[in-house]
Amino acid sequence: MEKQLEIECTHCGSDSLLLREAVYEGFAKAGEKLKCSSCGHMFESEEDVPFKVKAKVEIFDETDKSPRMEVFSEDEKGVLCRHCRHYVINPFTQWCHRHRKEVQATDSCSDFAAQEGVEKGEDETAI
Ligand SMILES: [Zn+2]
């Protein structure tokens, strides 16, 4: 895929395409003209081009940050239900003792509380 060409022109306000025209000085390419294909407005530089924002990029928008994302920015392994002291496992279900609901071992939770005094490999708390 080439550089993105879809723009929302700030000049004519339409969904448009960016036209790139090479500018020559003598025989050497001196630069590019960046032009709106529908109204012909010229953009000063690449930074001024109102490229359409793709959905993929928007995921990382500040406004889009969910608490879930923040959890994963911490120690990822640390907040999984299976490492939580409220996590109870029995043959039939996996249970969160704090929220009194079924959970998955790989769920994460904002009320996560680390297990204490549990060594690795011994986290089957008998309840
Ligand atoms: Zn335009």
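Computed from a prediction, not measured in an experiment: that's the story for all the values here.

What counts and how
- Residues numbered from 1 in each chain as written.
- Predicted model: local features only at pLDDT ≥ 70, side-chain atom pairs only at ≥ 80, totals over all residues.
- Helix = DSSP H or I, 4+ residues; strand = E, 2+ residues; numbered from the N terminus.
- Buried ≥ 20, exposed ≤ 12 C-beta atoms within 10 Å, placed from the backbone.
- Contact = placed C-beta atoms within 7 Å.
- Pairing = 2+ DSSP bridges.
- Core = buried A, V, L, I, M, F, W, Y, C linked by C-beta atoms within 7 Å.
- pLDDT = per-residue confidence, 0-100.

Q: Summarise the overall build of the chain; cite the residues concerned and give the values.
A: Of regular secondary structure, the chain possesses two helices and seven strands. Shown N-terminal to C-terminal, the secondary structure of the chain runs as helices and strands in the order β-β-β-β-α-α-β-β-β. Looking at the chain as a whole, 9% of its 127 residues qualify as buried. Nonlocal contacts in the chain, meaning residues at least 24 apart in sequence, comprise 47% of its contacts between residues at least 6 apart.

Q: Before we move on, could you go through the sheet that holds strand S7 (residues 101-102) and cite the residues and values that matter?
A: Pairing between the strands of a sheet is mediated by backbone hydrogen bonds and can be parallel or antiparallel. Pairing is antiparallel in the open sheet, where three strands are placed in the order S5-S6-S7. Two strands bound the open sheet, and with one partner strand each, they are strand S5 (87-89) and S7. By the bridge criterion, three bridges tie S5 to strand S6 (residues 94-96) in an arrangement that is antiparallel. What sits directly across from tyrosine 87, in S6, is cysteine 96.

Q: So what about the nonpolar core? Which residues, and what values?
A: Listed in full, the five residues of the largest apolar core are Ile7, Cys9, Leu18, Cys36 and Val49. In this view, leucine 18 contacts Leu5, Ile7, Leu34 and Val49; residues no more than four positions away in its chain are not counted.

Q: I'd like a description of unusual backbone geometry, backed by residues and values.
A: The phi dihedral of arginine 100 is positive, around 50°, even though this residue is not glycine. A tally of 8 C-beta atoms within 10 Å means that arginine 100 is categorised as exposed.

Q: Let's hear about the confidence of the model for the chain: which residues, and what values?
A: Residues with a pLDDT of 70 or more make up 69% of the chain, whose mean pLDDT is 79. Note on residues 70-74: pLDDT under 50 across the span, and five contacts to partners over four residues away in sequence or across chains.

Q: Let's hear about the pairing of strand S2 (residues 15-25): which residues, and what values?
A: With three bridges connecting them, strand S1 (residues 6-8) and S2 associate as antiparallel partners. What sits directly across from glutamate 6, in S2, is leucine 17. Where S1 folds back onto S2 in an antiparallel hairpin, the turn is made up of six residues, including glycine 13, whose phi is positive at roughly 75°. Judged from the eight bridges that link them, S2 and strand S3 (residues 28-36) form a sheet pairing that is antiparallel. In the strand pairing of S3, alanine 22 is matched with glutamate 32. Turn length for the S2-S3 hairpin, with the two strands adjacent in sequence and antiparallel, is two residues, and the turn residue glycine 26 shows positive phi of about 65°.

Q: Give a detailed account of the pairing of S3, specifying residues and quantitative values.
A: Where S3 meets strand S4 (residues 42-43), two bridges bridge the pair, whose relative direction is antiparallel. Its bridge partner being in S4, lysine 35 is matched across the sheet by methionine 42. Connecting S3 to the antiparallel partner S4 that follows it, the hairpin turn spans five residues, and glycine 40 within it adopts a positive phi of roughly 85°.

Q: I'd like a description of the sheet that holds S1, backed by residues and values.
A: The sheet built from four strands is open, its strands ordered S1-S2-S3-S4 with antiparallel pairing. The open sheet has two free edges, formed respectively by S1 and S4, since each of these has just one partner strand.

Q: Could you give an account of the environment of glutamate 8, with specific residues and numbers?
A: With respect to the helices and strands, the residue glutamate 8 is situated in strand S1. For glutamate 8, a count of 15 C-beta atoms within 10 Å gives the class partly exposed. Note: C-alpha distance between glutamate 8 and phenylalanine 51 (43 residues apart in sequence) is 6.3 Å. Residues within four places of glutamate 8 in sequence aside, it is in contact with Asp15, Pro50 and Lys52.

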